[in-house]
Amino acid sequence: MARGKVQLKRIENPVHRQVTFCKRRSGLLKKAKELSVLCDADVGIIIFSSHGKLYELATKGTMEEVIDRYAETSRGAQIAEGVQKQSLESEEDIATMKQEIQLLQKGLRYMFGGGAGIMGLEELDALEKHLELWIRNIRSTKIMFQEIQMLKNKEGILKAANEILQEKIEEQNVIFDMSPIMTGFPYQLTIPSDTFNTF
């Protein structure tokens, strides 16, 4: 009599669940060993039980060697994928730039009277969008340069004010340095009051 199909869902009974885990785990490890022997494959299996216990199998060498090999292989694949993606993006960028250049050259020829025929509505719309975008970029660049110039002017003003303040500080230091000399003078100079009344 054939065995019925097992329904794949979590086994609720913990005893049955543990028994099934042990049987399936040993079966999986046995199949991995057979695959390694029959096909000369390098197999690495890591299993964590529901209680957190670790089971591992490395058919050739140690598990660390298998993990290192996996890391090198996946890193190489990621690098290759990144290079391929970057080359595809650059090819797309080149194609769009070529289309834009052709459209602009065509527009320039028509503007200066060297074009033959009439530009289509789609071409004119695309040219208008590009021109608006470039005008916006030029205006933002111009504003940025104006702001830089204003900041440079402010910097010059602040530097001049700083120099004036430095000079005042130096003058004050000279006055303070001379004041002990003046206060330490041993004789007082007295001027008679009637000398000012001579006028």
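Each value, and the rule that gives it
- Residues numbered from 1 in each chain as written.
- Predicted model: local features only at pLDDT ≥ 70, side-chain atom pairs only at ≥ 80, totals over all residues.
- Heavy atoms only, no water.
- Helix = DSSP H or I, 4+ residues; strand = E, 2+ residues; numbered from the N terminus.
- Buried < 20%, exposed > 50% of the residue type's maximum accessible area, 1.4 Å probe, protein only.
- Contact = heavy atoms within 4.5 Å.
- Areas by Shrake-Rupley, 256 points an atom, 1.4 Å probe, with all protein chains shown as cover.
- Expected span 1.5 Å × (residues − 1).
- Polar contact = N/O pair within 3.5 Å; in protein donor to acceptor, adjacent residues only side chain to side chain.
- Pairing = 2+ DSSP bridges.
- Core = buried A, V, L, I, M, F, W, Y, C linked by side-chain atoms within 4.5 Å.

A. Structural context of the overall build of the chain. On a plain count of helices and strands, the chain comes out with three helices and two strands. Reading the chain from its N terminus to its C terminus gives the helix and strand order α-β-β-α-α. Of all 199 residues assigned to the chain, the portion counted as buried reaches 9%. In the chain, 23% of the contacts between residues at least 6 apart in sequence involve partners at least 24 apart. In the form shown here, the chain has an accessible surface area of approximately 18200 Å², with 61% of it arising from carbon and sulfur atoms.

B. Expanded view of helix α1 (residues 14-39). With 26 residues, α1 should cover 38 Å at 1.5 Å per step; its first-to-last C-alpha distance of 37 Å lies within 8% of that length. For α1, the set of buried residues is Arg-25, Leu-29, Ala-32 and Ser-36. The backbone nitrogen of Val-15 lies 3.0 Å from a side-chain oxygen of the residue at the head of α1, namely Asn-13. Once α1 finishes, Asp-40 follows within two positions and takes phi at roughly 55°, a positive value.

C. Fine view of the pairing of strand β2 (residues 54-58). Where burial is concerned, the two faces of β2 differ: the one with Tyr-55 and Leu-57 is buried and the one with Leu-54, Glu-56 and Ala-58 is not. Inspection of the sheet shows strand β1 (residues 44-48) paired to β2 by five bridges, in the antiparallel sense. Residue pairing in the sheet places Ile-45 in a bridge with Leu-57 of β2. Where β1 folds back on β2, the antiparallel hairpin that results is connected by five residues, among which Gly-52 adopts a positive phi of roughly 90°.

D. Region of interest: the nonpolar core. Among the nonpolar cores identified, the biggest contains seven residues, and these are Leu-29, Ala-32, Val-43, Ile-45, Ile-47, Tyr-55 and Leu-57. Taken together, the elements giving at least two residues each to this core come down to α1, β1 and β2. Contacts of Ile-47, omitting those with residues within four sequence positions, involve Phe-21, Arg-25, Leu-28, Leu-29, Lys-53, Leu-54 and Tyr-55.

E. Examining the environment of Lys-30 more closely. Structurally, the position occupied by Lys-30 is in helix α1. Along the backbone, Lys-30 and Leu-57 are 27 residues apart, and their C-alpha atoms lie at a distance of 10.0 Å.

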